[in-house]
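One letter stands for each residue in the lines below.
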Amino acid sequence: MLSAYPEDRAGGGSLASHTWIDLVDPTDAERAAFEAAFGLRVPSNEALGEIEATSRLRVENGALYMTAPMIFAAGDEPWLPSPTGFVLSKQVLMTLRFAKSASFDTVAKECGAEEKLEPAAAYVNLLEALVDHLADLLEAAGRDLDDASHVIFRQDNAKKLSKETAMLRQLMLRTGRTSERMARIHYTLVCLDRMAKFTVDRARDWLSQDFAARLQSVNSDIASLVQFSEGLVSRVQLLQDAATGIINIDQNDVMKVLTIASVVGIPPVLVAGIYGMNFKNMPEYDWAWGYQWGLGLIVVTALIPLLWFKWKDWI
């Protein structure tokens, strides 16, 4: 789909009369129409996926070609990076993407209402909107980690061990997913930062001071978001280590109970085994209270290990 801004209210205007062309999963005909109108090449899908810095940022025929993986997710949608391309020149801004974006739609609505739109203005507005969107995603991830931290470090001894272990395992999966999201956002922020600096450096001859200052503000915002995301990644590691430690402690408690039960059960079993041998010359068989003596001896031999563990403060 090809969209052109500012909108042609009178109708009949050529594509070259617009200053921002937004291509969303374009057809070959739409690519060819843009190239014919402006004499600029539309990046291929393979070029958008390149990861080398020289491939993501380059100058061709006086136009800046920039690509970056963008995260357009909103709400509970998967935070999957979508390759996005930008071509900026003095005459036109072309954006190439393959996913819907609320940030693009918002900027398009603002730009569409203007009678005159500079390509650099649309470009700077887009970067600012994309950074704001990433900031919202980071804030949502921070709240998610706050909830996980409250659950992990709560003081609640009422839950059964099996339920607590299952809950902690779910939290580990949850924080692991958040860590993966942080890595994707961090890479997107780095790409946007490079784009802003690249634009200021390579377009200084025709980029106004106002737009250059706004791009520098974008760089400052990105730097703060990068620091915030790094802090979230550290929290993710802390929460995962804490959840793992709690699970290990709970499992050790279970093993301690089983060990104590097995040790306490050994002496009574030994006593019962001795009196169960049925030899004729065992004097206890002829005692009037022999049965009670055997039961009492079993109880005493079970209590002695328990008292020993208690004295050692192991239980």
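Residues numbered from 1 in each chain as written. Predicted model: local features only at pLDDT ≥ 70, side-chain atom pairs only at ≥ 80, totals over all residues. Heavy atoms only, no water.

Caption draft 1: How the structure looks around a nonpolar patch on the surface. The grouping of Val299, Leu303, Leu306 and Leu307 at the surface amounts to a nonpolar patch, some 350 Å² of accessible area in total. Given a relative accessible area of 60%, Leu307 falls into the exposed group. (Patch = residues over 30% accessible without salt bridge, like charges linked within 9 Å, V, L, I, M, F, W, Y side chains within 5 Å. Areas by Shrake-Rupley, 256 points an atom, 1.4 Å probe, with all protein chains shown as cover. Salt bridge = Lys/Arg side-chain N within 4 Å of Asp/Glu carboxyl O. Buried < 20%, exposed > 50% of the residue type's maximum accessible area, 1.4 Å probe, protein only.)

Caption draft 2: Representation of the packing of aromatic side chains in the model. For the structure shown, the criterion picks out five aromatic pairs. Plain terms: the ring middles of Tyr5 and Trp20 are 4.9 Å apart, the flat faces sit at 35° to each other, and that makes the pair tilted. Here Tyr5 is found in strand β1 (residues 2-5), whereas its partner Trp20 is found in strand β2 (residues 20-24), with 15 residues between them in sequence. Tyr5 gets classed as buried once you look at its relative accessible area, which sits at 12%. Three or more aromatic residues link up through ring pairs in this structure, and these residues are Phe72, Phe86, Phe104 and Tyr123. (Phe/Tyr/Trp six-rings, centres within 6.5 Å; stacked < 30°, edge-to-face > 60°. Helix = DSSP H or I, 4+ residues; strand = E, 2+ residues; numbered from the N terminus.)

Caption draft 3: Spotlight on the sheet that holds β1. Ordered by their spatial adjacency, six strands build an open sheet running β1-β2-β6-β5-β4-β3, and the pairing between neighbours is mixed. Edge positions in the open sheet fall to β1 and β3 (57-60), since each of these has one partner strand only. On average, each strand axis in the sheet is inclined to that of its neighbour by 20°, with strand direction left out of account. Examined bridge by bridge, strand β4 (residues 63-71) and strand β5 (residues 81-88) share eight bridges and lie antiparallel to one another. Note on β5: the bridge partner recorded for Met70 is Ser82. Seen against the sheet, helix α5 (residues 119-152) touches β2, β4, β5 and β6 (93-97) and runs at an angle of roughly 160° to β5. (Pairing = 2+ DSSP bridges. Axes fitted to C-alpha atoms, helices over the stretch in contact; angles between N-to-C directions. Contact = heavy atoms within 4.5 Å.)

Caption draft 4: Fine view of empty space enclosed by the protein. The tally for this structure, following the rule as stated, stands at one cavity of 30 Å³ or more. Put simply, the largest cavity is a space of about 40 Å³. Looking at the largest cavity, the residues that line it are Ala53, Arg56, Leu57, Thr67, Ala68, Cys191, Arg194 and Met195. Of all the elements in the fold, those that place two or more residues in the lining of the largest cavity are α3 (53-56), β4 and α6 (161-202). Sorting elements by how many residues they give to the lining of the largest cavity places α6 first, with three residues. Considered class by class, the residues forming the lining of the largest cavity number five nonpolar, one polar and two charged. (1 Å grid on protein atoms, 1.4 Å probe; cavity = no way out; pocket = protein on both sides within 12 Å on 5 of 7 lines; lining within 4 Å. Points joined across faces, edges and corners; volume = space filled by probe spheres on them. Nonpolar A, V, L, I, M, F, W, Y, C, P; charged D, E, K, R; others polar.)

Caption draft 5: Main features of the pairing of β2. Within β2, five of the five residues are buried, which leaves the element mostly enclosed by the surrounding structure. With burial as the criterion, each face of β2 is covered, one bearing Trp20, Asp22 and Val24 and the other bearing Ile21 and Leu23. Pairing geometry for β1 and β2, over four bridges, is antiparallel. The partner of Ala4 across the bridge, within β2, is Ile21. Two strands pair when backbone bridges link them, and β2 and β6 are joined in this way by five bridges, in the parallel orientation.

Caption draft 6: Geometry of helix α4 (residues 102-112). For α4, the set of buried residues is Ser103, Phe104, Val107, Ala108, Cys111 and Gly112. Here the buried residues of α4 occupy an arc of 155° about the axis, which is enough to place them on one side. Facing away from the buried side of α4 by over 90 degrees, the exposed positions are Ala102 and Lys109. Tucked inside the fold, the buried residues of α4 contact β1, β2, β5, β6 and α5. One side-chain oxygen at the N-terminal end of α4 lies 3.3 Å from the backbone nitrogen of Ser103; it belongs to Ser101. (Arc of directions from axis to C-beta. Polar contact = N/O pair within 3.5 Å; in protein donor to acceptor, adjacent residues only side chain to side chain.)

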